[in-house]
Structure formats: C-alpha cells, structure tokens
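Below, each chain spelled out in residue letters.
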Amino acid sequence: MDFFKRQEADNWHRDVPGARWFKADLHIHTIDDIDGDRAKVPNGVKFRRPVSKETLKAYARIFLQNAAARDVRVLGITPHSSCVETGVDTSAVWQIVDEWNVGVDDDGKPFREKIYAVFPGFEPSLKQGKRGLHLIFLFDPEVGRDGYMKAFYLAMGGVSPWRGKDLQISSKNADEVFRDLREFHRQECPLDECGQPEWNYITLAPHIDNNKGLLGALNAQVLKNFPHSEVTGLELGDGKLADDAMKNREWLPEGMAANHLAFFHGSDAYSVDEIGKRHTWLKLASPRVEALRQAFIASDSRVRIGYERDASGGLVEIANPPDVTINQRPWLKTVTIDGRASFFGTTAENEPATSFHLSPDLTCIIGGSMTGKSTFLDGLRLYTDAALPQDDGIRKQVEARGKERFLAGSAEVSLDCPGQDPTAPDRERWPAVFYAQNELHRLAQEPSAVEEILTRLVPSQMSRIVERQTRLSAIDKELDRQAKHLAELDDVLSEAEQAYERTVIAANKLEAFSEAGVEKLHEVARAIRQWQECCEVSEDLGTHLDRAIGVTDGFSLPKSGDYFVGSVDNAGVGVRSEELQEAWNRIREHIRSAKVELRDWDAKTLSILETLKLQEQGIHTEVDRALAKRGLDGSQIKELQALNVQSSLRESYEANLNKVRKELSEAERTFQGLLDEREGLVGEQRAAFDRVTETIFAEFDGRISARRVDDGSRGPLDRFLRDLSKRGITRWWNELENQSRPSPIELLSHLSDDTLNEVGMSAAVQSTFREQLTRTKQRYLAAIRCSDHYLLELRMDDGRHRRLDDLSGGQRVSLLLSLLLETSDERPLVIDQPEDELDNRFLSDTVLPALKRLKGRRQIIVATHNADIVVNGDADQVIQLDATANRGRVVHSGAIEEPSVRDSIVRTVDGGDDAFRLRRLKYGF
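Cut-offs used in this document
- Residues numbered from 1 in each chain as written.
- Predicted model: local features only at pLDDT ≥ 70, side-chain atom pairs only at ≥ 80, totals over all residues.
- Heavy atoms only, no water.
- Helix = DSSP H or I, 4+ residues; strand = E, 2+ residues; numbered from the N terminus.
- Buried < 20%, exposed > 50% of the residue type's maximum accessible area, 1.4 Å probe, protein only.
- Lys, Arg positive; Asp, Glu negative; His and termini not counted.
- Charge placed at Lys NZ, Arg CZ, Asp CG, Glu CD.
- Pairing = 2+ DSSP bridges.
- Axes fitted to C-alpha atoms, helices over the stretch in contact; angles between N-to-C directions.
- Contact = heavy atoms within 4.5 Å.
- Core = buried A, V, L, I, M, F, W, Y, C linked by side-chain atoms within 4.5 Å.
- Salt bridge = Lys/Arg side-chain N within 4 Å of Asp/Glu carboxyl O.
- Phe/Tyr/Trp six-rings, centres within 6.5 Å; stacked < 30°, edge-to-face > 60°.
- Lys NZ or Arg CZ within 6 Å of the ring centre and 35° of its normal.
- Polar contact = N/O pair within 3.5 Å; in protein donor to acceptor, adjacent residues only side chain to side chain.
- Patch = residues over 30% accessible without salt bridge, like charges linked within 9 Å, V, L, I, M, F, W, Y side chains within 5 Å.
- Areas by Shrake-Rupley, 256 points an atom, 1.4 Å probe, with all protein chains shown as cover.
- Parallel < 35°, antiparallel > 145°, perpendicular 65-115°, else oblique.
- Left-handed = near helix turned anticlockwise from the far one by under 90°.
- Nonpolar A, V, L, I, M, F, W, Y, C, P; charged D, E, K, R; others polar.

S.K.: How should the overall build of the protein chain be read in this particular structure?
M.R.: What the protein chain contains, in helices and strands, is 33 helices and 27 strands. The principal-axis extents of the C-alpha atoms in the protein chain amount to approximately 190 × 80 × 60 Å. The buried share among the 925 residues of the protein chain stands at 49%. Separation between the mean location of the 124 positive side-chain charges and that of the 152 negative ones in the protein chain comes to 3 Å.

Pasting the structure below:
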C-alpha cells in the first residue's frame, strides 16, 4: 500500500498558539469529475486524454493557488469520482494532496505554509431515497493514495461513478458503506507510537435540502431509521442559514443536539474559481481529521457559519470573522520574562527566557498550588498598568505578588501583541480587564460594576449608552459648577442691589432737602460764616490795637541834646525834635481812635450775626417741618456732601446692577437647560437599559433578569440632607424606608406644591426644611442626580427570582461572570480562579456556554483548578506550570488535543488517571 509521509509546517501555530480559526471549504469537486461534464478545466491547464502527470500537477498548483488567494486554509476535496481515468496515477485529488504536502508555490513558499489542511475525500451517491443519497467522506492524507482508492471502491460497491454524463448510484446503502469503512479502518489503519490511529475519516451530509441530500431524501426518517450518528456535519444550501433548515422540522434540533451534529457551508465547487464561494470558519488544533471531528462535536465553540443576512435578506459574509489575523482585535500572543530575580526568570547564564504562549480565545493556566498562576496574572496586571482591585486587601495581594515575585529585580518583560502599534504603550496595545482571586465576589456587591456590565451587554445599545453616560457625568459636574456660580452671582446681585439702593436713597434725600428749602438754609449759613469771620478778624485786630496802645503809652521819645541837634543839623536832615514829638503823638492818637472805631464796628457785626442766626433758626424750623413730612431728619443735612457723591454714582451702579441681573438670568437659563437636557438623557438611558434587560431575560431564558430602581443610588441626596445639620430633617430621613425616600426632583416638587407631608414630614420639620432650603440650596438640590440602581436576579428551581444580594457566594459570582462574558466588550478578560466560589451547576448551564460563544470575539485567560473550565470550556491553549520554592516554569503548552497536554489536564485538575477511572466506574459510564 502507498503510504503518505506528512511534511510539517510550524508557521500556523507559531503565529497563533493553540487551536485557531481557519476559513474552510469542505465540499470541492475536481477534474476527476470531468466525465460528468460539470468540472471545469482552469485556464493555463492543457487537458487532453490520456491525462498526463504534468497536466495533473499544473491543475493541482492552480487549485491550491486559487484556494490560497481566497484565504481558504482548510480544503475538503470531494469529487464524485476518485480519478480522472482508470488507474490510481490519474487522481487529481491525490495530486493536490501531494502538491500541498511537498510542493512550493511560485513565490518560493511551500503550499503547506499557505494551506493548513487538505483532506482527500469523495461524494458517492448511495442506494437510498428515490434518487440516491449523497454523503461526503473525508480522510486524513495518511490513508495513502491506495487506501483512498480502496475506500472509494468500497463506497461505490464496484459501480463506476459515471455512465456517460450521468452520475451512478452505488450498489450499497449508507448502512453498508459505514459498516465496510469501519472494517476497512479497523484492519488497515496502523497505530502511531501513542496507540492512536494514523488516519481517520468523517462523514458529512452535503446539500441537505436537495432531493439527493440527507433531509430532502429521507426527511424525518433520518432520526428513526438512518444511523445519523455516523454523520458529523449537515451542509446548508446556498442562501440558507440554520433557521431555514430548522423551519418546519421540530424534530431536528433535538436530534442534532443528541448526536452532536453541526451545520456548515461548502461551495460544492466544480471550478477552481468557485473555491470558498461558500465557506465555514472552523477552529482546529491540528490539520487532522480528528481535529475536524472535534470541531464539529464542539460546534458551539469551534464552528462559525461565515454568513449573515443583509437588509435585503440575502447572505453576506459576516462582518467580524473570528480569525484574529483578520479582525485585528487586541490580544496578547506571547509574554517573555527574563531576569534571574523574577519568579519566572532564568537560573543559568545561557538559559532561554521564560515564554508564555497564549491563544487569542481561551487560554487556561493550570498547575498545583504555589506554581505561579496568580503571580503570572498579577504581574501582568501591574506591568501593563491595568486598574487594580478596589478592595484594599485584594489590591495589596496583587501588588505583593506582582512586585515581589513577577517583577522582582527589575525583570525584563516583553509583550507580543500582533496587529497593534509596537510603539504604543503596553496598556494601549493590550487593554486587558483583570479580576484577581475573590475580586468578582467583591464586585458582585458593587452597583457600579453591575451597571458597567449591563452597559456592554448589547452591542447595538452600548455606544449610545456610553455616550449618554459620559454626557450625564459631564452635566452633573457642570450643574454643580453652575449652582456654585449662581450662588456667587446671588451674592454679587445682593451687593449690587444694595449699592444701587444707596444711590437711590441719596438722590431721594437730596430731592427732599431741595424741596424743603435747604438752599436758603445754606445761604444763611454761608452768610453767618462770613460775618463770623469778620468778627474774628475784628477781635484779632482789637487785640493787636490794645497791645499797640500799651506800647505807645509806655514809650517816650528820647530828649534832644546838643550833640543830637548838632549831628542832625550837620547831616542836613532837617528834622526838629518838636516835629518828631508831634508826629509820635499823632500816631498814638490814631491808634486810640482806631480802637474806638473798632468797638463800634464790633457792635454792628454782632448785631448782624444775631439777626442772621435768628433768620437761620426760622428757616431751620421750616426745613425740619418739611423734612418731617418726607420722613427725614434735619440732622441728616450734614450728610449732604456724602449724599451728593453717592447720588452721582447712581447711573454707573444701575448699569452694573442690570449687567449682574442679565448674567444671573443667563446663568439660570443655562442651569435650567442643563436640567432639561439631563432629564431627557435619563429618559433615553432608561429606555436603552430597558432594552438591555429585555435582552438579558430573553437570552438567558428568564433564568437571569435585571430590573431598574429609579434614582436608586441615594448617596448624594443623603449627604446633602445630612449637611443641613438639622436634627429634625436628619431624623425624618433616617426613619424613611429606602424605597420610600424621595428623589431630589420629587423633594423639590413637594416643596413647590406645599405637599411635604406626603413624604412623611411633620409640620415642624416642614418649617425647618423651608427655612433651610434657600434659593441657593434649592439649586444645589436640583443639581444632584441619584443614578438609577440595577438589581440582578436569578430564577431559582422553585421558579421564584432571588436578588443578587440574597444569593450564595458561588451563585453570585456565577451570575456576574456569565453577564461579564456576554458583554460586547472586546477588551481581553483575565480571571484568576473564578471557580473558588462558582456554583458548579451554574458554571455548566451558563458560564461555560458563554465562554464558548466568545470564541473568535475576545481573548480570555483563566487560571484555574477546575477541570470543567478547561475541558468543557474547550480551552484553545493550556499552559501547565510547575515550581520549586522560588522558581516557576512552563512544563507544557498547547491545545487540549495534544497527548502531553491532555495528560497534564488529567493529572493537574482532574485528579489523575486513577481518580478519572474511578469516577467513570462510579457513574457507570
């Protein structure tokens, strides 16, 4: 028998560790069907009979090149005939297999590095139904060319596939073909060194709704009479999705679930140009049939139909394919740690650094206690500067493990994040969300965490919810700022009003004084002051004259002697002593005469002053009477100058007052506008969250529900009322039941409507409350928003719903985790040992299905001791850790299908082989 020796290609899982997604077309015909006049020979291939090796080789290359150009990485080659002409050397199928295995494309790259897997197969028409029943059989290439040919002849029962252009029906029915192929496999398939078959095969049902397809030919008899457990996949027709195939076939979902059947799309191509025109996304850990079988068995996590309906109802390729090399979602491929002081550091000079290779989907990190699972995750959290736990105790543990073990000695850490800007900070390249041990349990009690999860649950609502939430937060801050600004403007307005009022009062007083005759009073006062000055001058002059009289009376001129006379005469002065004495006497008389005149003057001025003062007194009396009629006091006349100054400022003070009033009015309009906008946004947000809660109820079939408590977070209002520091108000608030406590809007409404009694306030408390709620404080109260509170509830076995707060720790974490996994958040999710408080039943019913649905959408890394998470969660990459007292290492890393990884799972999280076998015995399996 001709044996096939596979040439390995390591690029596929080097690029994406563990199981990865591939675009697959498992239903492709070749020119082996040339006799049916349907297979088309591509341009560039010269076909003539007898067919040559060169023709087949050229065809195989073009076949593979077309598949690679369409990014189809997994091929099922399924002609109706196994060869072009009689003879094994004329099989186009096998030429394609050989060219894929050892051939090199024109660019120098091996085909096996462009196409991940090629499965040789055939599509016989079996003796069942009115026109025959088509099935597809796919084999590992290790079956060999001769084995492949023999399997085809067994399926056809000696009947030639074509008679002219007509497809012939095998002499065997499906039961007989399955029986013969099983026996052929048992007898002629060798075992590898691990005791596993070197090759295997699977059966698919093509174009199931066609009259030659499984459902079209046999309909409901499939479940009753047909050994459908041999069939792995059901091919949907062109233009059809799963819902179309299920329509009017109530029996089909149950049968598919019981036998692990899955839908898929294939091209049924007869031309190389049609390869991949219909395709399916498959997740494979190896390019073998067994991996293909595992994918169909675990179809909820490893098979994705590649199409969705557009607005017109037609099929279009899905917008977000699961292949991480296409959708460019953020993921961490490799973490490398170097540094001898680190827990994962090297111990020898030339020892390679420790590397963790992670799947873009689900990676499970396993290992015994103290092997470094938490150290690795906590170290990543610190290194990428991700948000730390809010709980102080958990945060300190995370920091201790991260700093003192993972990053010890300034360890060198590098992250490989494909498709991301290598120059960007690590936090931007890999924006993971972390949950340490017990952190989910603590978060389950945080309303804000619940709301954030709900926000991201429904993609169609998320962006607008986030936008509105951002706007609401901004409005809350702006309202608080505006309330403070309005309070300041109130003070400025009060000062401006007081200043302006003073100018008005001053002007009014001046007007009243004028009408009362104050000007006459001022004229008399001025005259009195003037004549008082005359008296004062006269008095001063009299004092000087009295002194002058005293001086002249006590003074005598010198007597004139001979010497004096002679000197004066000789000088020619011409003054005689008699003349001098006469002149001095006249001076003395003049002074005395002035004194007499001055006394007469004084008498006259005093008389004038007394007359003026009498006149002033009379005018003053008249003015006082006039002012009294205006409510003014005559004593204020002395403020006249100050009043004149104040009155002169009236115009500028009035302009300032109008300016402040305008500014205040505009600020109040802005404040009210913000309140109105916020009210509208709150309404829109509630409607959006209503749609989210409806989605939750529907997707979880009523097992999980969420309901809204309007204005449920009363913390801001509680602080406001307590800050009033009034015992009556505080007591009233404390005595209210939480559900009876009004919101800020309701409280203001009751205050405005004078219905505070409806919220339980006594008359005394109402009076105190009104006194406290000044206009400024009313604004502060209006600015407060008590955000809505969301309650999660779980339906128990008795049908009743129980609130999250009332659930056990395991149920609480399970519920929160399942919602967390259902969100549309594409950020990587890292969870450390969620099973510590998980409810096993909830884990199986809710969490694991959610994990599987996330495949192809979000990277998840879980450190766990729970076998269900690893095995039933269908981990795409498993990393086993081991450690000494101060050093950790990666023991095994790979997909769950690898024998060494499978053994690690059994030993580490499933109790070992003996425990596994004992459980099987006890369960009776």
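S.K.: I keep staring at the sheet that holds strand 19 (residues 412-416) and nothing clicks. Help me out?
M.R.: Each strand in a sheet pairs with another by means of backbone hydrogen bonds, the pair being arranged parallel or else antiparallel. As summarised here, the arrangement of the three strands in space is 17-16-19, forming an open sheet in which the pairing is antiparallel. Of all the strands in the sheet, just strand 17 (354-357) and strand 19 have a single pairing partner and so form its edges. Taking each pair of neighbouring strands and ignoring which way they run, the sheet shows an average axis angle of 15°. Two elements, strand 16 (residues 334-338) and strand 17, share four bridges in a ladder whose sense is antiparallel. Paired with Thr336 across the two strands is Ser355, which belongs to strand 17. Along the sheet face, helix 13 (residues 373-383) touches strand 16, strand 17 and strand 19 and points at about 85° away from the line of strand 19.

S.K.: Any chance you could explain the pairing of strand 19 here in plain terms?
M.R.: Side-chain positions along a regular strand alternate between the two faces of the sheet. Burial along strand 19 is one-sided: the face carrying Val413 and Leu415 is buried and the face carrying Glu412, Ser414 and Asp416 is not. Sheet topology note: the strand 16/strand 19 ladder contains five bridges and is antiparallel. Along strand 19, the bridge assignment pairs Val335 with Leu415.

S.K.: Looking at this structure, I do not really get the environment of Val74. What am I missing?
M.R.: Here Val74 shows up in strand 2 (residues 74-77). As for Val74 and Ile208, which are separated by 134 residues in sequence, their C-alpha atoms are 21 Å apart. Other than its neighbours up to four places away in sequence, Val74 contacts Phe22, Lys23, Ala24, Asp25, Leu26, Tyr116, Ala117, Phe119 and Leu284.

S.K.: What exactly am I supposed to notice about the sheet that holds strand 9 (residues 201-205) here?
M.R.: Read across the sheet, nine strands follow the order 11-10-9-6-3-2-1-12-13 without closing on themselves; strand pairing throughout is mixed. Strand pairing shows two members of the sheet lacking a second neighbour, strand 11 (262-264) and strand 13 (303-305), which therefore form its edges. When strand polarity is set aside, the average angle formed by the axes of neighbouring strands in this sheet is 30°. Direction of pairing for strand 1 (residues 20-28) relative to strand 12 (residues 280-284): antiparallel, over a ladder of five bridges. Directly across from Trp21, in strand 12, lies its bridge partner Lys283.

S.K.: What exactly am I supposed to notice about the nonpolar core here?
M.R.: Grouped burial of nonpolar side chains is what soluble globular proteins tend to show. Counting 65 residues, the largest nonpolar core has Phe63, Leu75, Phe137, Phe139 and Leu234 as its most contacted members. Element by element, the count of residues in this core is highest for helix 2 (residues 53-69), at eight residues. Beyond its immediate chain neighbours, meaning those up to four positions away, Leu234 contacts Ala205, Ile208, Leu214, Met256, Leu261, Ala262, Phe263 and Phe264. Formed by 56 residues, the second largest nonpolar core is a distinct cluster that contains Leu457, Phe689, Ile696 and Leu854.

S.K.: Please explain the pairing of strand 26 (residues 877-883) as it appears in this structure.
M.R.: Taking burial as the measure, the seven residues of strand 26 include five buried ones, the bulk of the element. Where strand 18 (residues 362-367) lies against strand 26, five bridges are found, and the strand directions are parallel. In the sheet register, Thr363 faces strand 26, and the bridge partner there is Gln877. The pairing of strand 26 with strand 27 (residues 888-894) spans six bridges and is classified as antiparallel. The partner of Gln880 across the bridge, within strand 27, is His892. The antiparallel pairing of strand 26 with strand 27 creates a hairpin that spans four residues between the two strands.

S.K.: Honestly, the pattern of salt bridges in this entry has me stumped. Any pointers?
M.R.: Tallied over the entire structure, the rule returns 68 salt bridges. The partner of Arg401 in a salt bridge is Asp378, with the nearest N and O atoms 2.5 Å apart. Here Asp378 lies in helix 13 and Arg401 lies in helix 14 (residues 392-406), a separation of 23 residues in the sequence. For Asp378, a relative accessible area of 2% translates into the label buried. Here Glu668 ties to Arg775 by a salt bridge, and the two come within 3.9 Å at their closest N and O atoms.

S.K.: In this structure, what is going on with the packing of aromatic side chains? I would like to understand it.
M.R.: Aromatic ring pairs are defined here through the distance separating the ring centres and the angle between the ring planes. Taken as a whole, this structure holds 26 aromatic pairs when the rule is applied. Where Trp12 meets Tyr116, the ring centres are 5.7 Å apart and the plane angle is 75°; that geometry is what we call edge-to-face. Here the residue Trp12 occupies a position in helix 1 (residues 11-15), and Tyr116 occupies one in the loop between helix 3 (92-102) and strand 3 (117-122), the gap between them amounting to 104 residues. Both rings, one in Phe137 and one in Phe178, keep their centres 6.2 Å apart while their planes meet at 65°; by these two values the pair is edge-to-face. Here Phe137, found in strand 6 (residues 136-139), pairs with Phe178, found in helix 5 (residues 174-188); they are 41 residues apart in sequence, far enough to count as distant. Under the relative-accessibility criterion, Phe178 is labelled buried at 1%. In this structure an aromatic cluster arises from ring pairing among Phe4, Trp94, Phe122, Phe137, Phe139, Tyr148, Phe152, Tyr153, Phe178, Phe184, Trp199 and Tyr201. In this structure, Arg278 is placed above the aromatic ring of Tyr307, and the distance from its NZ or CZ to the ring centre is 4.7 Å. Over the face of the ring belonging to Phe343 we find Arg405, whose NZ or CZ atom lies 4.1 Å from the ring centre.

S.K.: In this structure, what is going on with the side chain of Arg61? I would like to understand it.
M.R.: As for its placement among the helices and strands, Arg61 is situated in helix 2. In terms of polar contacts, Arg61 uses its side chain to reach the backbone carbonyl oxygen of Val104, at 2.8 Å. Sequence-distant contacts of Arg61, that is, excluding residues within four places in its chain, are made with Glu99, Val104, Asp105, Asp106 and Phe111.

S.K.: I tried to follow a negative patch on the surface on my own but got confused; where do I start?
M.R.: On the surface, Glu533, Glu536, Glu539 and Asp540 cluster together to form a negatively charged patch. Structurally, Glu533 is set in helix 19 (residues 518-553).

S.K.: Honestly, the packing of helix 29 (residues 809-822) against helix 30 (residues 840-853) in this entry has me stumped. Any pointers?
M.R.: Contact geometry for helix 29 and helix 30: axes closest at 9 Å, N-to-C directions at 15°. Between helix 29 and helix 30, the angle falls in the class roughly parallel. Note that helix 29 runs across helix 30; the crossing there is left-handed. Seen from helix 29, the contacting residues are Ser814, Leu815, Leu817, Ser818, Leu821 and Glu822; seen from helix 30, they are Phe842, Thr846, Val847, Ala850, Leu851 and Arg853. The class makeup of the residues in the contact of helix 29 with helix 30 is seven nonpolar, three polar and two charged.

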